[in-house]
Amino acid sequence: MRLTRYTDYALRTLIYVGLREPKQSSIAEIARAYGISESHLTKVVHQLGRLGLIQTIRGRGGGLRLAKPPKEIVIGAVVRQTEDDLALVECFSSGSCAITAPCRLRRALGEALAAFMAVLDRYTLADLLGGAEGDEIARLLGLSPSTTVPAEVPAPE
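As a convention, each chain's residues are numbered from 1 in the sequence order in which they are written. Per-residue local features are limited, in this predicted model, to residues with pLDDT of at least 70; the limit for side-chain atom pairs, both in listing and counting, is 80 or more; totals at the level of whole chains, interfaces and linings are taken over all residues. Where side-chain values are given, they derive from all heavy atoms of the structure, hydrogens and water being excluded.

What follows concerns the packing of aromatic side chains. Here is the rule: rings of Phe, Tyr and Trp (six-membered ring for Trp) pair when centre to centre is within 6.5 Å. Planes less than 30 degrees apart are stacked, more than 60 are edge-to-face, and the remainder are tilted. All chains considered together, the criterion is met by one aromatic pair. When the ring of Y16 is compared with that of Y34, the centres are 6.4 Å apart and the planes differ by 65°; the resulting orientation is edge-to-face. On the criterion of sequence distance, the pair formed by Y16 in helix α1 (residues 5-20) and Y34 in helix α2 (residues 27-34) is long-range, its members being 18 residues apart. Each member of the pair, Y16 as well as Y34, carries the same accessibility label: buried. Each helix is a run of H or I in the DSSP string that is no shorter than four residues. Each strand is a run of E no shorter than two, and both are numbered from the N terminus. Note on classification: 1.4 Å probe, protein chains only; a residue is buried when its accessible area is under 20% of the maximum for its type, exposed when over 50%, partly exposed between these limits.

Counted as a void, the largest pocket has a volume near 210 Å³. Two kinds of site are reported from a 1 Å grid over the protein atoms alone, namely cavities, where a 1.4 Å probe fits but cannot get out, and pockets, open sets with protein on both sides within 12 Å along at least five of seven lines, and residues are called lining when an atom falls within 4 Å of a point. Together, I27, T42, V45, H46, G49, T56, I57, R58, G63 and L64 line the largest pocket. Among the elements of the structure, α3 (38-50), β1 (54-57) and β2 (63-66) are those that each provide at least two residues to the lining of the largest pocket. At four residues, the largest contribution of residues to the lining of the largest pocket is made by α3. Here the lining of the largest pocket is composed, by residue class, of four nonpolar, five polar and one charged. Grid points are joined across faces, edges and corners, and a volume is the space filled by probe spheres set on the points. Each residue gets one label: Ala, Val, Leu, Ile, Met, Phe, Trp, Tyr, Cys and Pro are nonpolar, Asp, Glu, Lys and Arg are charged, and the others, such as Gly, are polar.

Okay, unusual backbone geometry next. The residue after E21, namely P22, is reached through a cis peptide bond having omega 5°. Mapped onto the elements of the fold, P22 is located in the loop between α1 and α2.

Right, here's the structure in full:
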C-alpha cells in the first residue's frame, strides 16, 4: 500500500498546524518547514478546509488553524478523504481481469487493505502530536516545544 504525495502532505499539514495550536500557521511556513511546493500545498489546504479539518482565516493576521480538536481527527478518515483511489489492483475498481470471480488474490488484498485502514482508524491527530515524539517533531520543524500545546486543547469555534 502506498499513499499519494497529496495524502502525505495533508497529514503533514495537520501535524504542523496541530503542533502550532493555538497560534495560526501559514502555507508558506508549512511549505518551508517540509521543503515542499507552496502551490501544491495550497490545493491540499483548500481540500482540508472543505473537509472541515482546517479553518482558514483570510486577511491581515490570517492563517490556518485546526477546525476540530486533534482527538476528533481520525487518521484513517483523512486518508479515505484525500486518496483518489484505494483500489490496490485493477479488479477492485473495473473488474476487467479475466480471473476476477474466483481470484483469491483479490480477497487477500481486500483483507490487507481493510487491515491497513483499521490500524489507521485507531489513531487520531492527537496521538501523532503527543508525548516526546511530538516535541521532537516540533523541534525538527523549527518549532520549539514550548510553542506547542497539549493535543487536548480544543480548536476555535
